[in-house]
Amino acid sequence: MGRGKKAIQLLGQQLQRYALGVKSNAKNSSEILVKDSQISQSALVHQTRGNAAVAATQVATQTKLQTSAVPAVSTDIYGAISAITEGSKVEEGVFKNMDGHRFEDGRYKEFTNEISSFIPKERQYTDAVRTFAYGTDASFYRLNPKMVVKVHNEAELRRILPIAKKLGVPITFRAAGTSLSGQAITDSVLLKLSHTGKNFRNYEVHGDGSQITVEPGLIGGEVNRILAAHQKKHKLPVQYKIGPDPSSIDSCMIGGIVANNSSGMCCGVSQNTYHTLKDMRIVLVDGTVLDTADPISCQSFMKSHKKLVDGVVGLAIRVQSDKELTALIRRKFAIKCTTGYSLNALVDFPVDNPIEIIKHLMIGSEGTFGFVSRATYNTVPEWPNKASAFIVFPDVRAACKGASVLRNETSVDAVELFDRASLRECEANEDMVRLVPCIKGADPMAAALLIECRGQDPAALEERMVEVQRALVEAGLPFGAKASQPQDITTYPFHHEQKNWKIFWDVRKGLIPIVGAAREPGTSMLIEDVACPVDKLADMMIDLIEMFQRYGYNDASCFGHALEGNLHLVFAQGFRNKEEVQRFSDMMEEMCHIVATKHSGSLKGEHGTGRNVAPFVEMEWGTKAYNLMWELKEMFDPSYVLNPGVVLNRDPDAHIKFLKPSPVASPIVNRCIECGFCESNCPSRDVTLTPRQRITVFREINRLQQISDPTAEEKLRLKEISTKYEYDGQDTCAADGMCQEKCPVKINTGDLIKHIRSEEMSQAPRSSAAAKWLADNFTLVNNNVPRLLNFVHFAHRVLGATPLQMISSWMNQATNHAVPVWNPYLPKGSAPLKVPEPPAVVAVSPALPRKVVYMPSCVTRMMGPSGSDTETASVHEKLMSLFSKAGYEVIIPKSVGSLCCGMMFNSRGFKDAAASKGAELEKELLEASEGGKLPIVVDTSPCLSQVKSQISEPQLRFALYEPVEFIRHFLVDKLEFKKVRDVVAVHVPCSSKKMGIEDAFTKLAGLCANEVVHSGIPCCGMAGDRGMRFPELTGASLQHLNLPKDCKDGYSTSRTCEMSLSNHSGINFRGLVYLVDEATQAKKPNVTAASRS
Ligand SMILES: Cc1cc2nc3c(=O)[nH]c(=O)nc-3n(C[C@H](O)[C@H](O)[C@H](O)COP(=O)(O)OP(=O)(O)OC[C@H]3O[C@@H](n4cnc5c(N)ncnc54)[C@H](O)[C@@H]3O)c2cc1C
Ligand code: SF4
Ligand code: SF4
């Protein structure tokens, strides 16, 4: 019997023991019997979802579920699949404010007309590619907006909202689109927050950082970095961070964090936005602004919006005088809960403080009450002393009991639960197994707690750790991965070193993507997010594991924030046919009953209600509270303009409609979970598409191509999308792979685009032949490009900038972007490469010869400094000077003039030409470095990266160095440095970032200048010459460049990137070797050492 099967069999036996009464005859039927394992049997209660609400506040002992049968499904033109139910009947062209019924009846045309007076056409998107791209968020729902509008500021929004209200045009706000429950999509108008430059990105740190005011387009992680920089700059004793800590914090934005009331591993229920928000600036649907930090704004709002204020106060009075309802609300928010609205605002504040109530009602309202244009947080301390332990228990009950003990008896900071399936994922991580060997071969129901303690100082940390260990031991819990081999708690010590605890937390953060990446192509990854009182956690978890097994979700993993009873359930699900929709529908119905009714829990702990559990809000909350929520919606947004269908939805089947397909497209991107984490790293995000959007549109192209008998409409759509994708998807992708750096499943969308380009080139034999000819005659290019550059430089001096710009722009258009657009920082031709003399004095031991192979890239062989630069030497001259000062003998590969790493061919899709150049270079390097014995320096980071990616000889792998790496490893101790600049800017090219040498870069520049500032740009978008052929790409990427005024120099290690950075910053960027050469001199010979050698 295989390991997997055996584990499932054992798991089944264990489950029988644990889940006692759970029986099922559900395999092919829609009737499921759920029996409470804790409470003695009593009367059978027949509950459909409609009347389940009545029982929500009671404890159901037995529930017979009547799940709804999905009679049929339909697929719309965007591929979304929906269960056909009564409400599905569509009258073409008749507008109803329901998903799928929002037809154009003239209102969208009018809306467009009215907003066009202040929103330029370039920020209104209605084409098939962009609307589909923005119709994608991280959820498994698909609605295609009719129009996407990029909004730059609050003033624009204040004008748009009243127009939408007047015309009855529903709108949805979009921040980063990482939401999982379907709340950031619409089939009407999507208002995308622009987060370009300063748009929605302003902030102000107050005092010591214990408060910060932020705008909604800032990424959560960025806010924390701003706070960290503030502490460092002012040498403050405490570092602060914002309370909410969703695992998506490095991608999601303040707008979404506030509107979803997001939380994470450490923030619990006390540090979410609801509990840490000080003030908020809100734009209501009529365009009015309420700024809660401004007493005048509050006073005038109380007068102008008396009806809303009175309504909210009236509700608060009603709720506060209803003991049962107040108790329900308090109970529900004692654990994580983002199902429905934040009704706790109605009980937590006095009724004479309506502003405070309104402010808190906005939190978690998912853009259905108004727009959050500013938020002031009370931040929380980020204590520097941390330690984590990973404690394994032989069964889930023991682990859950442990979590309960820690919650009730200690002040532990974070406790994460791992079920057996999650532990199995950890087994693949060698570091994890090294730290916790017993996870391999653990019992089938084993589970673990990842525990973190923090302290203001080491003593406080120690105190907390001792408290945690003592509480767990005194609770008499069994420790160890096998019941038959009990362990002492000391088997699982706290780890203080970051390198160790980071392993635990990285594994935890990676769980969602690991499951996502392992799923069968064609399926989507679903994440449910439930919570219950922590003392019921074990029962709920066992029920859910059993349920998933029964429905055949064998890949389901169950883990989460144990202290708050919050579990994430991650599994793969296809939406390809009626059967799959039925299975999902049945599972959802049962899961909602298990969580909401049986265990009095929350259907959404932190991800927001969205469309996913909107039909179950009444089940969870009961009819009274549910009706209150509708009343609130009517008060804030009586015309249902703001994100209708989200949080509250009258359609009981909304959760099984508009399900997003995941068509098989390419092995390079099939694993994509459309989380959007990659978006902020992409240089083309503001000009065309983001990586996620490139993938989703590519998937759509593939879906349409796979339709066996397409309709005329489908054919037209395929043509339109494919044509537009050439520019939006392919031409403007820098193929730099920076998306991979942020992708949890490590997808490099650039690889997809290069693959598409190469497929296209294989269909274009003439172009391929021309590329091959060029590759074979590269010396010609090498010798002539410098002459051409010098000629252009001369033309610039004679004609001036304007004619060159005009002519080159015209030629660029006329040749379909084959000819680059000139810019004033275009380099002059490089000086010819001189083969160096051996250094005069070399004081070295014969055992350690100072010999280096230097491979100047074709770029530095051809391109010198820019015409406007005071520097006249080329990169190779500077590097040679450094080698010489350090006493190195330099070996240049023999036929250097004909060599090239092949990147320029590869990025255009000429695979054969690229491969032949790569092989030729490898052979030469092997010979010059004596089979990899000597270090080899390639002076241009992207070229080095290309060489490394294609070499076949393993001995070369460790011989190759980027200049910064080589200088740090070999030259620093042989040179004397002095600081020659006050402030310098550095731009670490994407290839260097990927090689992990960002720190080395900063440190080396720091030896030469007092202050080093980073460009802050993930990728400049230059990508060889692409940024010159498509200047809008670098323009969009570098518009964020914001260097200090006193910075007069910039440094990098890629000549083409430097040119682009200079063009957009107005200061000269050069190779870092220029700065190092200027700042160094040869070390005076150490007489003793020299005489010894
Ligand atoms: C892999 C993965 C892991 C995740 N982990 C967590 C987690 O640990 N914890 C957690 O809580 N969430 C998690 N999420 C969910 C999601 O990342 C968070 O809810 C996040 O805060 C959403 O922010 P966003 O910027 O993407 O907002 P969006 O998705 O763009 O929008 C979210 C909602 O806010 C509304 N909105 C946006 N801006 C505004 C505004 N200015 N004013 C009013 N309404 C607005 C939108 O209309 C929408 O309803 C995860 C998601 C993924 C994909
Ligand atoms: S490419 Fe990666 S980061 Fe980007 S959406 Fe897909 S899975 Fe997420
Ligand atoms: S390779 Fe670069 S430009 Fe292309 S999608 Fe990825 S980050 Fe964007």
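Going along each chain's sequence as written, the residues are numbered from 1 onward. To read the labels, note that chains go from A and ligands from 1, taken in the order they are written. Local features in this predicted model are restricted to residues of pLDDT 70 or higher, and side-chain atom pairs are both shown and tallied only at a pLDDT of 80 or more, whereas totals for entire chains, interfaces and linings draw on every residue. To get the side-chain values, all heavy atoms of the structure are used, and hydrogens and water are removed first.

K.L.:
Just checking my understanding: could you explain the sheet that holds strand β6 (residues 124–125) for this structure?
P.N.:
What holds strands together in a sheet is hydrogen bonding between their backbones, with the strands either parallel or antiparallel. In spatial order, the strands read β6-β7-β9-β8; together these 4 strands make up an open sheet with mixed pairing. The two strands at the open ends of the sheet, each matched to only one other strand, are β6 and β8 (171–174). Summarising the sheet, strand β7 (residues 147–151) and strand β9 (residues 189–193) pair through 5 bridges and their orientation is parallel. Each bridged residue has a counterpart across the sheet, and for M147 the counterpart in β9 is V189. We call two residues in contact when some of their heavy atoms are within 4.5 Å. Note on geometry: axes are C-alpha line fits, over the in-contact stretch for helices, and angles between N-to-C directions span 0 to 180 degrees. Segments assigned H or I by DSSP are reported as helices when at least four residues long, segments assigned E as strands when at least two residues long, and all are numbered from the N terminus. Running at roughly 20° to β7, helix α3 (residues 107–115) makes contact with β6, β7 and β9 of the sheet. On the sheet, helix α5 (residues 154–167) packs against β7, β8 and β9 and is oriented at approximately 150° with respect to β7. A pair of strands is treated as paired once DSSP finds two or more bridges between them.

K.L.:
For this particular structure, what's the right way to read the site of ligand 1?
P.N.:
By convention in this text, a residue qualifies as near a molecule or strand provided that one of its non-hydrogen atoms is within 4 Å of it. Around ligand 1 there are 34 residues in total, and F173, T178, S248, S262 and S263 lie nearest to it. Here an oxygen atom of ligand 1 sits 3.1 Å away from a polar atom, N or O, in the main chain of Q183. The Shrake-Rupley method, run with a 1.4 Å probe, gives the accessible areas here. Residue values count only the displayed protein chains as cover. Alone, ligand 1 offers 980 Å² of accessible surface; in the complex the protein occludes 99% of this. Elements with a contribution of two residues or more to the shell around ligand 1: β8, α7 (254–260) and β15 (371–378). Considering every element that reaches the shell around ligand 1, the biggest residue donor is α7, with 5 residues. The classification used treats Ala, Val, Leu, Ile, Met, Phe, Trp, Tyr, Cys and Pro as nonpolar, Asp, Glu, Lys and Arg as charged, and all other residues, Gly among them, as polar. Taken together, the residues that form the shell around ligand 1 break down as 16 nonpolar, 15 polar and 3 charged. Polar contact criterion, stated in full: a pair of N or O atoms within 3.5 Å, where within protein one must be able to donate a hydrogen and the other to accept it, and residues adjacent in sequence count only if both atoms are side-chain atoms.

K.L.:
What exactly am I supposed to notice about helix α10 (residues 306–320) here?
P.N.:
For the α-helix, the turn length of 3.6 residues means that residues three or four positions removed from each other point alike. Between the first and last residue of a helix there are one fewer steps than residues, each counted as 1.5 Å, and that sum is the expected span. Helix length check: α10 (15 residues) gives 21 Å between terminal C-alpha atoms against 21 Å at 1.5 Å per residue, within 8%. Considered for burial, the residues of α10 that qualify are L308, V309, G311, V312, V313, L315, A316 and V319. Only protein chains enter the accessibility calculation, which uses a 1.4 Å probe; a residue whose area is less than 20% of its type maximum is buried, one above 50% is exposed, and one in between is partly exposed.

K.L.:
Looking at this model, I keep getting lost on helix α11 (residues 323–334). Mind explaining?
P.N.:
Helix length check: α11 (12 residues) gives 16 Å between terminal C-alpha atoms against 16 Å at 1.5 Å per residue, within 8%. All of the buried residues in α11 are L325, T326, L328, I329, K332 and F333. Burial along α11 is one-sided: seen end-on, the buried residues are contained in an arc of 160°. Projecting away from the buried face of α11 at angles above 90 degrees are the exposed residues K323 and E324. Against α10, α12 (345–348), α21 (617–621) and α22 (623–636) lie the buried residues of α11. The arc refers to the directions leading from the helix axis to the C-beta atoms.

K.L.:
Explain the sheet that holds β15 to me, please; I cannot follow it from the model alone.
P.N.:
Taken in spatial order, the 5 strands of this open sheet run β10-β11-β15-β13-β14, and their pairing is antiparallel. Edge strands, defined here as strands with exactly one partner in the open sheet, are β10 (203–206) and β14 (289–291). The average angle at which neighbouring strand axes cross in this sheet is 10°, direction not considered. Pairing analysis gives 3 bridges linking strand β13 (residues 277–283) to β14, with the strands arranged antiparallel. Bridge pairing in β14 places V283 opposite V289.

K.L.:
I keep staring at the site of ligand 3 and nothing clicks. Help me out?
P.N.:
Near ligand 3 there are 13 residues, and of these C682, C733, A734, D736 and C739 occur at the shortest range. Its residues assigned to classes, the shell around ligand 3 shows 8 nonpolar, 3 polar and 2 charged.

K.L.:
Just to check I follow, could you spell out the state of the cysteines for this structure?
P.N.:
Working definition of a disulfide: a covalent bond connecting the sulfur atoms of two cysteines. Criterion for a disulfide: a pair of cysteine sulfur atoms at a distance within 2.5 Å. Throughout the structure, instances matching the rule amount to 0 disulfides. Between C1057, a cysteine without a disulfide, and C1020, which holds the nearest cysteine sulfur, the sulfur-to-sulfur distance is 3.7 Å.

K.L.:
Whenever I open this one, a nonpolar patch on the surface confuses me. Can you help?
P.N.:
On the surface, a cluster of nonpolar side chains totalling about 550 Å² of accessible area is made up of L788, F791, F794, V798 and L799. Within the element layout of this structure, F791 appears in helix α28 (residues 778–799). Patches were defined on residues exceeding 30% relative accessible area and lacking a salt bridge, with like-charge contacts within 9 Å and nonpolar side-chain contacts (Val, Leu, Ile, Met, Phe, Trp, Tyr) within 5 Å. Throughout this description, the term salt bridge denotes a Lys or Arg side-chain nitrogen within 4 Å of a carboxyl oxygen of Asp or Glu.

K.L.:
Mind showing me how you'd approach the packing of helix α9 (residues 295–304) against α10 here?
P.N.:
α10 packs onto α9 with a crossing angle of 90° between their chain directions and a minimal axis gap of 5 Å. For the element pair α9 / α10, the angle class is roughly perpendicular. Residues F301, M302, K303 and S304 of α9 lie in contact with α10, whose contacting residues are K306, L308 and V309. Residue composition of the contact of α9 with α10, grouped by class: 4 nonpolar, 1 polar and 2 charged. Under this scheme an angle from 65 to 115 degrees is roughly perpendicular, one under 35 degrees roughly parallel, and one over 145 degrees roughly antiparallel; angles in between are oblique.

K.L.:
Help me out: how do you make sense of the confidence of the model for the chain in this one?
P.N.:
A low pLDDT means the predicted coordinates there should not be read in detail. Residue-level confidence of the predictor is what pLDDT reports, using numbers from 0 through 100. Of the residues in the chain, 92% reach a pLDDT of 70 or more, and the chain-wide mean stands at 89. Every residue in residues 1087–1093 is under pLDDT 50, and counting partners more than four places away or in other chains gives 4 contacts.

K.L.:
Explain the domain arrangement of the chain to me, please; I cannot follow it from the model alone.
P.N.:
By a widespread convention, an interface's size corresponds to the accessible area lost as its parts come together. Domain delimitation in this document rests on an assignment produced automatically or drawn from a domain database. Under the domain assignment used here, the chain contains domain 1 (76–85 + 97–382 + 612–661), domain 2 (385–607), domain 3 (663–760) and domain 4 (769–1082). Between domain 2 and domain 3, the residue contacts involve 7 residues of the former and 8 residues of the latter. Taken together, both faces of the contact between domain 2 and domain 3 bury some 580 Å²; the carbon and sulfur share is 73%. Here the quantity called buried area is the total loss of accessible area, with a 1.4 Å probe, experienced by two parts when brought into contact, counted for both. Summed over the three residues of domain 2 that lose the most area to domain 3, namely P513, A517 and R519, the buried surface amounts to 62% of that side. Remark: the boundary between domain 2 and domain 3 carries 0 salt bridges. For the interface between domain 2 and domain 3, the tally reads 3 residue pairs in polar contact (both at pLDDT 80 or more). With 3 residues, the top contributor of residues to the side of domain 2 that touches domain 3 is helix α18 (residues 498–518). Of the residues that constitute the side of domain 2 that touches domain 3, the class distribution is 4 nonpolar, 2 polar and 1 charged.

K.L.:
Can you help me understand the nonpolar core in this one?
P.N.:
In globular proteins that are soluble, nonpolar side chains generally tend to be buried together. The biggest cluster of nonpolar side chains holds 109 residues, and the ones touching the most others in it are F390, L417, L449, I451, L544, F584 and M587. Apart from the residues lying within four places of it in its own chain, the contact partners of L544 are V530, L567, L569, M591, I594 and V595. V309, L325, Y341 and L628 belong to the second-largest nonpolar core, a separate cluster that totals 60 residues. In this description, a nonpolar core means a group of buried Ala, Val, Leu, Ile, Met, Phe, Trp, Tyr and Cys residues linked to one another through side-chain atoms lying within 4.5 Å.

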